[in-house]
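Take a look at the letters that make up each chain.
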Amino acid sequence: MDTEALDELAGQLRGEALGGRGLLQLAAATGLAAYAVWAAVLMPGFRRVPLRLQVPYMPSSAQQVANVMALLWGRSGKTADLGSGDGRLVLEAHKQGLRPAVGYELNPWLLWLAKYRARKAGCHGQVSFLKQDLWKANLSDCYNVTVFLAPSVKPPLAAKLLAELPDEARVVAGRFPFPSWTPSSTLGQGLEQAWAYDMKEVRRAAQCGGTPGLTAAPRASPTGGLSPGEQ
């Protein structure tokens, strides 16, 4: 839809009620704009990822971020946000003392936005945003992991986390829980809800046969002593 057509449609909206044709024009313009945003901003990060593992970008609300951070309060150690989007969770983690804080994101536009937000917040060089497939990232040294991912992604992600994270790690999921894990604690309601999972408890349940599909063996802390997550 060209500029003149959009101006004409805007005039109709200001001056009179839209008829059936006007509503169709409005719907077409809205759909075209939405597709343009998808093609320019969101699509690039999806091209390298298998369809079943793709996760659409949906920014977390202030309350969702607050709930996730509350479930990580008092902890320390390396923190990773899987599918970090515009970087808001990584920045909040850094401010809360969860350091180093790193975000994994494939979309170049969202990476640029995250780095811009970090500079604006005075955190340039203090947080990391990596253009890396979260499925290929090594998480063995992470003690705090945050995930705002779709339900279809949770089963394969659960297997990856069980295979790589140390026992002392805590995983916090927003919007949707891990279907086969029992949370250690939860906070919020509806889409604002967040679930915390302590890997030692998840593995214990798996060993006892209480959680179907989980067979990972316990992992020792790589530091050998008191882990950062429990300090």
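One can find the structure itself at the top, above this paragraph.
Note that the structure is predicted; figures quoted are calculated from it, not measured.

Enquirer: For the overall build of the chain, give the residues involved together with the corresponding values.
Expert: What the chain contains, in helices and strands, is seven helices and seven strands. Seen in sequence order, the chain has helices and strands lined up from the N terminus as α-α-α-β-α-β-α-β-β-α-β-β-β-α. Relative to its 231 residues, the chain shows a buried fraction of 44%. Considering only contacts in the chain between residues 6 or more positions apart, those separated by 24 or more positions represent 64%.

Enquirer: Break down the pattern of salt bridges for me, with residues and values.
Expert: On inspection of all chains with the given rule, the structure shows seven salt bridges. With a closest N to O distance of 2.7 Å, Arg170 and Asp198 form a salt bridge. Taken as a pair, Arg170 in strand β5 (residues 170-174) and Asp198 in strand β7 (residues 194-198) lie far apart in primary sequence, 28 residues in all. Given the relative accessible area of 14%, Arg170 is considered buried. Residue Glu201 is joined to Arg204 by a salt bridge in which the shortest nitrogen-to-oxygen separation is 3.1 Å. Residue Glu201 and its partner Arg204 are both found in helix α7 (residues 199-207); the two are separated by three residues, about one turn of the helix. Since its relative accessible area comes to 43%, Arg204 is described here as partly exposed.

Enquirer: How would you explain the packing of helix α3 (residues 62-71) against helix α4 (residues 88-95) if you had to name every residue and give the values?
Expert: Put simply, α3 and α4 touch, their axes get as near as 10 Å, and they point 40 degrees apart. The pairing of α3 with α4 is recorded here as oblique in orientation. Note on packing geometry: the crossing formed by α3 with α4 is right-handed. Residues Val65, Val68 and Met69 of α3 lie in contact with α4, whose contacting residues are Arg88, Leu89, Glu92 and Ala93. Split by residue class, the contact of α3 with α4 holds five nonpolar, no polar and two charged.

Enquirer: Summarise the pairing of strand β1 (residues 79-82); cite the residues concerned and give the values.
Expert: Both faces of β1 are covered, namely the face carrying Thr79 and Asp81 and the face carrying Ala80 and Leu82. Assessed by its sense of winding, the connection that carries the chain from β1 through α4 to strand β2 (residues 101-104) is right-handed. Across four bridges, β1 lies against strand β4 (residues 144-147) in parallel orientation. In the sheet register, Leu82 faces β4, and the bridge partner there is Val147.

Enquirer: Which residues make up the sheet that holds β5, and what are the values?
Expert: Strand order in the open sheet made by the seven strands is β3-β2-β1-β4-β5-β7-β6, with mixed pairing throughout. Because the sheet does not close on itself, it has two edges, and the strands there are β3 (128-130) and β6 (185-187). Geometrically, the sheet is characterised by an average inter-axis angle of 20 degrees between neighbouring strands, direction not taken into account. Here β1 pairs with β2 via four bridges, running parallel.

The rules behind these values
- Residues numbered from 1 in each chain as written.
- Predicted model: local features only at pLDDT ≥ 70, side-chain atom pairs only at ≥ 80, totals over all residues.
- Heavy atoms only, no water.
- Helix = DSSP H or I, 4+ residues; strand = E, 2+ residues; numbered from the N terminus.
- Buried < 20%, exposed > 50% of the residue type's maximum accessible area, 1.4 Å probe, protein only.
- Contact = heavy atoms within 4.5 Å.
- Salt bridge = Lys/Arg side-chain N within 4 Å of Asp/Glu carboxyl O.
- Axes fitted to C-alpha atoms, helices over the stretch in contact; angles between N-to-C directions.
- Parallel < 35°, antiparallel > 145°, perpendicular 65-115°, else oblique.
- Left-handed = near helix turned anticlockwise from the far one by under 90°.
- Nonpolar A, V, L, I, M, F, W, Y, C, P; charged D, E, K, R; others polar.
- Right-handed = clockwise from strand over helix to strand, strands pointing away.
- Pairing = 2+ DSSP bridges.

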